[in-house]
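Next come the chains, spelled out residue by residue.
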Amino acid sequence: MRQKWQYWNTVSRKWLWIMVIIGLIASIPVIYDRVTTESSSKNVELVFDYRDLVDVAAYQVHPQDFIDEKLTELKNAGVSTMAMFESTLDEFRKSRRIMIYSSLDVANMSGEILPENENYTYILFTNEENKEVLTPIIADTFRRLEIPVRTWTHEGKEGLVIETPVENANLKPMTPDPITMSDLVDRGFSIMPRLGDSLPYDQQSVAQLMDMFESFGVKRILFEGDKVKGYNDNGELRSLSSFAELLNQHGIGLAAIENLKVPQHGFSTLAYLTDYNVVRLISLSENDANLSPKVIADRFTLATKDRNIRMIYLNAAPSRSALQAAVTDPLDNLLDALGEEGNAVERMKENGFTIGQAEPFKVHETPGQKYFKAVVVVASIAMIALMVSYFIPFLTLPAFVLGILGSGGLYVLRPSLMEQGVALLVAISAPTIAMVLAVRRINAMQLRNSNLSVRDRVTQALILFVRTSLLSFLAVPFMIALLNNITYALVIEQFRGVSLLHLAPIALTAFYILFYRKALSMALIRKLLNQPITLLWILAAGIIGMVGYYYLTRTGNSGSVTPIEMVFRTFLEDTFGVRPRNKEFLLGHPMFILGAFIALKYRNGIYLMIIASIAQLSMVDTFAHIHTPAHLSLIRGVLGLGLGLIVGLIAIVVWQVLEGCWKKWSPLLRR
């Protein structure tokens, strides 16, 4: 019975490989859909924070002349959109539209005694237009908050009295300044409002706001703070659904800020309700606006090319400089980054982008895509079962059956979790299988003939390198097909388990080399496990732990990078257009070629293959960055293979020289 079970598990490998091949064919239409979707949006929109411009102008001798001049320069540099926050009384004051007084100020102005029980806010308008436009906005805002508002007159000028202290009144957000928006539109700018959720949601006032936005040609909204508008009242009023309906009626989409520590609450729900009318945005912080124009331009170029960013948000806050004894700002620095010095705009155009109003990706879906995906899921589970078969052969069939049943149940409960789980396991399986087969091949060849010529060893190492890399790449079509969803491209939903992907193939390769080679019997394994723990073991474990920790800190978007490496990365980007990964072409791939070359003669050289597995999993991991266009990930992987091949051949030459020196001089050292 056991022999028959073993036989069926062994035979099943053939059918599992056939399923994998069928899955690869089924993934082709889905891959085509992703590539088509990624190429559907090529406009890059440059957005400037208008509030920052007003803040900088407040320190100029002639504020309005300064604003007029900089708006012209920004327009000429390629900035087409101005971000407008919800207005406050303080912002109206900075814009010279109103003057604000406290009860004490009014008492001093009128020469009267300050009332003992009054701490109100008094407003005067600087001209008649400001009074006509802003009076209903200010009055409606405070009356909705149940704060009384009434008119007052000072020296023949009409104003408003708001029965709340100035400090409190200045904090209340209201409609973005319609006078400024009208002026900016007349100058040829688009408007992107920034909305918060600090006030209670009111459908009627939001509807009026959307009507006004549509009249100004607004196409996209950016949210301020950690919540989208309507989130706080959603449980009681279903305000997110109501807000989404208004957005859809007026053809207004959303902007998603990249690299937020915590996603804005309610954003994913609002994105879903607006049919993912979303564009990704990168924000250059106020501090980073002072970086060199070249560094800023590099960031913008990489963001648009490598991360599907279609909106670039510029900040420019004023700051006091003790060295210059003046208030400075980075406006000219930003203009240099966009213009001739940094050349950001031209570089983005050279990459195939157009500077203009950003558009969402148009999702392309081949008829029957869900059926192709179903085939890919089955094929992925087949590959996972194949990986199991190389470690525990008698569990091959159970692994496949349990995988099918488990994925089916998970699909019913949480489809996205099923897709991510299967994608993660297949991403681990392919490079692990590739490395296991490579180790097997090296062992077989070494046992058959350990005296191969240098030429034969180089040839076999290169053949094995190509074969192993192709096997690792088998995971890529499955990952693309399983994770082909606009939510991943927009990073509304993220692929989980990257740390496990970076560790599992290395650990499994090491485990196979240590415990599945014929030279290491079960008796030796038991002897190894029964060894007393020495100080040397503890030191070795500590070193391995530190290396592993450093390795993990270098993975993902938050990995730390030294200044020297940043220079090297920039050099690679400028030289090749797409930057290959250092751990592939400088470490993993050369180590594979050198390790295979050495192991074909010296048996212990096989341990270098543990390090070599880093590059194999890294090639697959590149495609886990779903916000990066698939064709760029492919170029990055192929470029890493080519450069790794060159570095690997150089490593073999160095090894041969060192080996020759050792053979020549070691007898002298022994004497």
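A. Focus on the sheet that holds strand E4 (residues 121-125). Ordered by their spatial adjacency, four strands build an open sheet running E3-E4-E6-E5, and the pairing between neighbours is antiparallel. With partners counted over all chains shown, the strands left at the sheet margins are strand E3 (98-102) and strand E5 (149-154), one partner each. Taking the axes of each pair of neighbouring strands and ignoring which way they run, one obtains an average angle of 30° across the sheet. Direction of pairing for E4 relative to strand E6 (residues 157-162): antiparallel, over a ladder of four bridges. Bridging from a neighbouring strand, Tyr 122 pairs with Val 161 of E6. Sheet contacts for helix H5 (residues 103-110): E3, E4 and E5; angle to E3, the most-contacted strand, approximately 95°. The strands touched by helix H6 (residues 128-144) are E3, E4, E5 and E6; relative to E4, the strand with the most contacts, the crossing angle is about 160°.

B. Here's a closer look at the pairing of strand E11 (residues 311-314). The alternating pattern of E11 places Met 311 and Tyr 313 on one face and Ile 312 and Leu 314 on the opposite face, and all of these are buried. As paired strands, strand E1 (residues 43-49) and E11 are joined by four bridges and run parallel to one another. Each bridged residue has a counterpart across the sheet, and for Val 47 the counterpart in E11 is Tyr 313. With four bridges connecting them, strand E10 (residues 278-284) and E11 associate as parallel partners.

C. Representation of the side chain of Arg 34 within the structure. Mapped onto the secondary structure, Arg 34 falls in helix H1 (residues 2-38). Arg 34 sits in the buried class, given a relative accessible area of 5%.

D. How the structure looks around unusual backbone geometry. The phi torsion at Glu 146 lies on the positive side, around 60°, for a residue other than glycine. Taking the relative accessible area as the measure of exposure, Glu 146 reaches 72% and is therefore exposed. Not every positive phi belongs to a glycine, and Arg 238 is a case in point at roughly 50°. Within the fold, Arg 238 resides in the loop between helix H10 (234-237) and helix H11 (239-249).

E. Spotlight on H5. Within H5, burial applies to Ser 103, Val 106 and Ala 107. Burial along H5 is one-sided: seen end-on, the buried residues are contained in an arc of 100°. The inward-facing, buried residues of H5 abut E3, E4 and E5. Following H5 by one or two positions, Gly 111 has its phi on the positive side, about 75°.

F. Quick look at the packing of helix H16 (residues 369-389) against helix H18 (residues 415-448). Their axes nearest at 8 Å, the elements H16 and H18 cross at an angle of 45°. Here H16 lies oblique to H18, going by the angle between them. In this structure, H16 meets H18 at a crossing whose hand is left-handed. Facing Lys 373, Val 377, Ser 380, Met 383, Ile 384, Leu 386 and Met 387 of H16, the residues of H18 in contact are Met 418, Glu 419, Val 422, Leu 425, Val 426, Ile 428, Ser 429, Ala 430, Thr 432 and Ile 433. Here the contact of H16 with H18 is composed, by residue class, of 12 nonpolar, three polar and two charged.

G. Fine view of the nonpolar core. The biggest cluster of nonpolar side chains holds 79 residues, and the ones touching the most others in it are Met 383, Ile 442, Phe 495, Phe 592 and Met 609. No other element matches H18, which puts 17 residues into this core. With sequence-adjacent residues up to four places away left out, Phe 495 is seen in contact with Gln 420, Ala 423, Leu 424, Met 479, Leu 483, Tyr 488, Ala 624 and Ile 626. Grouped together as the second largest cluster of nonpolar side chains are 69 residues, Val 56, Val 218, Val 228 and Ile 296 included.

H. Region of interest: the packing of aromatic side chains. All chains considered together, the criterion is met by eight aromatic pairs. Ring plane angle 70° and centroid distance 6.2 Å describe the contact between Phe 223 and Phe 243, whose orientation is recorded as edge-to-face. Within this pair, whereas Phe 223 is found in strand E8 (residues 220-223), its partner Phe 243 is found in helix H11, the two being separated by 20 residues in sequence. Both residues of the pair, Phe 223 and Phe 243, count as buried. Their ring planes at 45° and their centres at 4.9 Å tell us that Phe 511 and Phe 515 sit as a pair that is tilted. Here Phe 511 pairs with Phe 515, and both are found in helix H22 (residues 498-515), just four residues apart, close to one helical turn. The class for Phe 515 is partly exposed, based on a relative accessible area of 25%. Put simply, the rings of Tyr 201, Phe 223 and Phe 243 pair up and form one aromatic cluster. The ring of Tyr 390 has Arg 13 sitting right over it, with the charged end atom 4.3 Å from the ring centre. Above the face of the Phe 597 ring, Arg 457 is positioned so that its terminal group lies 3.9 Å from the ring centre.

Calculation notes
- Residues numbered from 1 in each chain as written.
- Predicted model: local features only at pLDDT ≥ 70, side-chain atom pairs only at ≥ 80, totals over all residues.
- Heavy atoms only, no water.
- Pairing = 2+ DSSP bridges.
- Helix = DSSP H or I, 4+ residues; strand = E, 2+ residues; numbered from the N terminus.
- Axes fitted to C-alpha atoms, helices over the stretch in contact; angles between N-to-C directions.
- Contact = heavy atoms within 4.5 Å.
- Buried < 20%, exposed > 50% of the residue type's maximum accessible area, 1.4 Å probe, protein only.
- Arc of directions from axis to C-beta.
- Parallel < 35°, antiparallel > 145°, perpendicular 65-115°, else oblique.
- Left-handed = near helix turned anticlockwise from the far one by under 90°.
- Nonpolar A, V, L, I, M, F, W, Y, C, P; charged D, E, K, R; others polar.
- Core = buried A, V, L, I, M, F, W, Y, C linked by side-chain atoms within 4.5 Å.
- Phe/Tyr/Trp six-rings, centres within 6.5 Å; stacked < 30°, edge-to-face > 60°.
- Lys NZ or Arg CZ within 6 Å of the ring centre and 35° of its normal.

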